[in-house]
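Topology and contacts: notes
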Amino acid sequence: MGIKNFLRKYYSFSKREQRGIMVLLALILVFWILTLVIENHHQPVDVEYINGDTLSVNEIRKSSHYTEKAKDNPQLDFVAKKIQLFPFDPNLLEEEGWRRLGLPARTIKAILAYRKAGGKFNKPEDLKRIYTLTPDDYQRIAPYVAIERARKDSIKSLVPRKGDFSAPPIPIIDLNSADTLQLQDLPGIGPTFARRIWKYGQRLGGYHNSEQLLEVYGMDASRLEKIKPYIIIDTTKIRKIDLNQASFKDLLRHPYLEYYMVKAIADYRQKHNGIKEISELKILPLMYDELYNKLRPYLAINPEYIISQ
């Protein structure tokens, strides 16, 4: 009877009014269907860990990975993807492995960049050096850190050895004669950093103080402080540049000399028939005290090449 009354009233309306009623009913139907879909989409689901543990949706949404994704798509079906926790070595784990652990892209990028620059993780706490790693993510993955070198060291410590059972001392290394393998004996110096230190020393002609290591790409003050007790510098091994004999290209190869300064030295040398004293470089208008003091250990003058006036 209700439907008959509705139909009787419906057909009493004009065609324009009838179309309006149909549009309204269609909108109500669409809204009702969307409500059902959204409710079904957010049903609580547990995310399974590879070791059998589970984490609720509410807990997983607290992770930085979910937060990052949800900024762009609040309806993201993140919980459908499994986050796996498993033993891993942060020095060896590849990008895909970090994604399986549920870390966001920006954190994975920071970790890989840190390793590429020569950074090492010697203990789980070292992960805190990655500034984009949130405390929640660190607490979640820290118990699964298994550093390969640490396991090998612990196994070696169980093997009886003759004499002293303590770890072998770190050798004292001369920066100007050590090769890349010897440099790796320094604490916190891996193959990448060892190559950088050696190559920069070759460009300089040798080191004359330890602070020059800060000019090596990726080196910072804290790393330098760790290796300072184990390095010496034999300045007698520095290769010096003869200001009167060196060619324009020879001077330009030194990292402290830029084109404009080499040009000034070459012009002065030609105008004055050679350079008699290294201190004459202070006269050059482009020379300043800091640059002169950095250059001085690498410069020499052979009297045989001074052109007599």
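So, here is what we can say about the structure in this document. (Residues numbered from 1 in each chain as written. Predicted model: local features only at pLDDT ≥ 70, side-chain atom pairs only at ≥ 80, totals over all residues. Heavy atoms only, no water.)

**As for the overall build of the protein**
- Counting its secondary structure elements, the protein contains 14 helices and 6 strands.
- Looking at the 309 residues of the protein, the share that counts as buried comes to 34%.
- If you take every contact in the protein between residues at least 6 apart in sequence, the share linking residues at least 24 apart comes to 55%.
- Looking at the protein as shown, the accessible area adds up to about 20,200 Å², and 57% of this sits on carbon and sulfur atoms. (Helix = DSSP H or I, 4+ residues; strand = E, 2+ residues; numbered from the N terminus. Buried < 20%, exposed > 50% of the residue type's maximum accessible area, 1.4 Å probe, protein only. Contact = heavy atoms within 4.5 Å. Areas by Shrake-Rupley, 256 points an atom, 1.4 Å probe, with all protein chains shown as cover.)

**Points about the side chain of Asn 91**
- Residue position: Asn 91 is located in the loop between helix H4 (64-70) and helix H5 (95-100).
- Contacts of Asn 91, omitting those with residues within four sequence positions, involve Arg 115, Lys 120, Phe 121 and Ile 147.

**Thoughts on the packing of aromatic side chains**
- This structure, assessed with the given rule, holds 5 aromatic pairs.
- Between the aromatic rings of Phe 88 and Trp 98, the centroid separation amounts to 5.4 Å while the plane-to-plane angle is 75 degrees, which identifies the pairing as edge-to-face. Taken together, the residues Phe 88 in the loop between H4 and H5 and Trp 98 in helix H5 connect sequence positions 10 residues apart. Both residues of the pair, Phe 88 and Trp 98, belong to the buried class.
- Seen from their ring centres, Tyr 200 and Tyr 207 are 6.4 Å apart, and the 50 degrees between their planes marks the pair as tilted.
- Given a relative accessible area of 1%, Tyr 207 falls into the buried group.
- The positively charged end of Arg 196 is found above the aromatic ring belonging to Phe 193, 5.4 Å away from the centroid. (Phe/Tyr/Trp six-rings, centres within 6.5 Å; stacked < 30°, edge-to-face > 60°. Lys NZ or Arg CZ within 6 Å of the ring centre and 35° of its normal.)

**Quick notes on unusual backbone geometry**
- The phi torsion at Asn 273 lies on the positive side, around 55 degrees, for a residue other than glycine.
- Of note, Asn 273 is situated in the loop between helix H13 (259-271) and helix H14 (289-295).

**Some words on a nonpolar patch on the surface**
- On the surface, a nonpolar cluster with roughly 390 Å² of combined accessible area is contributed by Met 22, Leu 24, Leu 25 and Ile 28.
- Mapped onto the fold, Leu 25 is located in helix H2 (residues 15-41). (Patch = residues over 30% accessible without salt bridge, like charges linked within 9 Å, V, L, I, M, F, W, Y side chains within 5 Å. Salt bridge = Lys/Arg side-chain N within 4 Å of Asp/Glu carboxyl O.)

**Here we look at the environment of Tyr 200**
- Mapped onto the elements, Tyr 200 comes out in helix H10 (residues 191-204).
- If we skip the residues at most four places from it in the chain, Tyr 200 touches Tyr 207, Gln 212, Glu 215, Val 216, Pro 255 and Tyr 256.

**Digging into the environment of Ile 275**
- Locating Ile 275 in the fold gives a position in the loop between H13 and H14.
- Placed 32 residues apart in sequence, Ile 275 and Leu 243 show a C-alpha to C-alpha distance of 6.9 Å.

**Focus on H10**
- For H10, which comprises 14 residues, the first-to-last C-alpha distance of 20 Å matches the rise-based estimate of 20 Å (1.5 Å per residue) to within 8%.
- Inspection of H10 places Phe 193, Ala 194, Ile 197, Tyr 200, Gly 201 and Leu 204 among the buried residues, and these make up the whole buried set. The buried residues of H10 occupy one face: seen down the axis, they fall within an arc of 140 degrees.
- Where H10 is buried, its residues contact helix H9 (180-183) and helix H11 (221-227).
- Once H10 ends, the next one or two residues include Gly 205, with phi positive near 100 degrees. (Expected span 1.5 Å × (residues − 1). Arc of directions from axis to C-beta.)

**Quick word on H13**
- Here H13 spans 18 Å end to end across 13 residues, near enough to the 18 Å set by a 1.5 Å rise per residue.
- Turning to H13, its buried residues number three or more, namely Met 261, Val 262, Ala 264, Ile 265, Ala 266, Tyr 268 and Arg 269.
- Buried positions along H13 lie against helix H12 (248-252) and H14.
- Of the residues flanking the end of H13, it is Asn 273, one or two places downstream, whose phi is positive at about 55 degrees.

**Regarding the pattern of salt bridges**
- Considering all chains together, one arrives at 10 salt bridges under this definition.
- Residue Glu 211 is joined to Lys 228 by a salt bridge in which the shortest nitrogen-to-oxygen separation is 2.7 Å. Pair noted here: Glu 211 is in the loop between H10 and H11 and Lys 228 is in the loop between H11 and strand S4 (231-232), with a separation of 17 residues, a long-range link.
- On the accessibility criterion, Glu 211 (39% relative accessible area) is partly exposed.
- Salt-bridge contacts for Glu 225 lead to Lys 228; the nearest nitrogen and oxygen are separated by 3.5 Å.
- The class for Glu 225 is partly exposed, based on a relative accessible area of 48%.
- With a relative accessible area of 28%, Lys 228 lands in the partly exposed category.
- Look at the salt bridges and you will find they share partners, linking Glu 95, Glu 96 and Arg 99 into a network.

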